[in-house]
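# Structural overview for review
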Amino acid sequence: AQSVTQLDSHVSVSEGTPVLLRCNYSSSYSPSLFWYVQHPNKGLQLLLKYTSAATLVKGINGFEAEFKKSETSFHLTKPSAHMSDAAEYFCVVSAPGGGSNYKLTFGKGTLLTVNP
Amino acid sequence: DTAVSQTPKYLVTQMGNDKSIKCEQNLGHDTMYWYKQDSKKFLKIMFSYNNKELIINETVPNRFSPKSPDKAHLNLHINSLELGDSAVYFCASSQVGVRGPRVAFFGQGTRLTVV
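Think of each chain on its own: its residues are numbered from 1, step by step along the sequence as written. Here the convention is simple: chains get letters from A, ligands get numbers from 1, in the order in which they are written. pLDDT decides what is reported in this predicted model: residues at 70 or higher carry local features, side-chain atom pairs at 80 or more are listed and counted, and totals for whole chains, interfaces and linings draw on all residues regardless. With hydrogens and water excluded, all non-hydrogen atoms of the structure serve as input to the side-chain values.

## Comments concerning the layout of surface pockets
When its volume is computed, the largest pocket comes out at roughly 360 Å³. In this structure, the largest pocket is lined by 25 residues; those nearest its centre are Asn41(A), Gln37(B), Lys41(B), Val88(B) and Arg111(B). Helical segments are the DSSP runs of H or I of at least four residues, strand segments are the runs of E of at least two, and each set is numbered from the N terminus. At the level of elements, strand E10 (87–94) of chain A together with strand E9 (87–95) and strand E11 (110–114) of chain B are the ones that each hand at least two residues to the lining of the largest pocket. Considering every element that reaches the lining of the largest pocket, the biggest residue donor is E11(B), with 4 residues. Any residue that is not Ala, Val, Leu, Ile, Met, Phe, Trp, Tyr, Cys, Pro, Asp, Glu, Lys or Arg is counted as polar, Gly included; the first ten are nonpolar and the last four charged. Across the lining of the largest pocket, the residue classes tally to 9 nonpolar, 10 polar and 6 charged. Grid points spaced at 1 Å over the protein atoms alone were grouped into cavities, where a 1.4 Å probe fits but cannot get out, and pockets, open sets with protein on both sides within 12 Å along at least five of seven lines, with lining residues defined by an atom within 4 Å of a point. Grid points are joined across faces, edges and corners, and a volume is the space filled by probe spheres set on the points.

Here's what the structure looks like:
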C-alpha cells in the first residue's frame, strides 16, 4: 500500500523568495517519487523524479527535491519564486521499478500563489 | 507532434447521454491510463491498460468502459451520464525506464460537464 500527504493545501510566497512545498509518503517498498505541476486549465507536467540514484533531485525550472528516508519526506524547493511558478503541484508515489508497477498515487495538491 | 493527445478538450452534455473520450499516444509506451480529477483537484486512477490488457480497474461504475484497440490508443466510453460524472478526465501513458521507475506523461485533459 502507498499513500502521499501534501501538508499544505495552499502556499503563498512573494516573487523572488524561496518556495517550500512539503510532501510525506508512506510505502511498503522503497518508493519512486515524483512532483508534477499543473498550470491553470492545463495538463500535468513532470517536474522531477526520484529514482534512488541520488537523494537530491534536480528538476526543470530551478526546482529540486530531497528524498529523506528517515523522515519519509520528499519536499519540493526553489530558491527564488517566479510569477510563472503559480500553479498546482502534486506529489506522487509509486512502487519501485517497472514491470508490474503501474499505479501512481497522487497527493491532494498544493496550490502555489506568487505575489508580485 | 503532441505526445499524449485527448479529444475532445471540452464536452458538455445532458444527463442520460452516452459519450466517448479518445486518447492517443505517440511515445511508443506500453501502458496507458485514465485518471479523473474532481472539482477539488484530486486525481484518482480509474483504469490502466498494459499492452491492450486491463491491469487496473479501480472502483468505477460499470457505466464507464475503457477500450484499447491497440497499444497507442485508450478510449473511454461513458453510458447514462450523471451529474456527478462532471470532472476533468486525464489520459496518460508510461513506459518502464532502463533503471525504472515508470514516468507517466499526461494529456491536456477533457473537461466533461453534465447538465
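There's plenty left to go through after this.
## Notes on the side chain of Ser94(B)
Within the fold, Ser94(B) resides in strand E9. We call two residues in contact when some of their heavy atoms are within 4.5 Å. The residues contacting Ser94(B), other than those within four sequence positions of it, are His29(B), Asp30(B), Thr31(B), Tyr33(B), Arg102(B), Val103(B) and Ala104(B).

## Considering the packing of aromatic side chains
Any two rings among Phe, Tyr and Trp, with Trp reduced to its six-membered ring, count as a pair given centres within 6.5 Å; such a pair is stacked if its planes are under 30 degrees apart, edge-to-face if over 60, and tilted if neither. Applying the stated rule across the entire model yields 14 aromatic pairs over all chains. With a centroid separation of 6.0 Å and an interplanar angle of 75°, the aromatic rings of Phe90(A) and Phe106(A) are classed as edge-to-face. One end of the pair, Phe90(A), is in strand E10; the other, Phe106(A), is in strand E11 (residues 105–106), with 16 residues separating them in the sequence. Comparing Phe90(A) with Phe106(A), the two get one shared label, buried. Aromatic side chains Tyr33(B) and Tyr35(B) sit 6.0 Å apart centroid to centroid with 40° between the ring planes, which places their arrangement in the tilted category. Judged by its relative accessible area of 1%, Tyr33(B) is buried. By way of ring pairs, the aromatic residues Phe34(A), Tyr36(A), Phe90(A), Phe106(A), Tyr33(B), Tyr35(B), Phe90(B) and Phe106(B) are connected into one cluster. In this scheme, Lys NZ or Arg CZ marks a charge over a ring once it lies within 6 Å of the ring centre and within 35 degrees of the ring normal. Lys108(A) extends its terminal NZ or CZ atom over the ring of Phe42(B), reaching a point 6.0 Å from the ring centre. Relative accessibility decides the category of a residue: with a 1.4 Å probe and only protein chains considered, values under 20% of the type maximum give buried, values over 50% give exposed, and everything between is partly exposed.

Shape is all these values report; function is a separate question.
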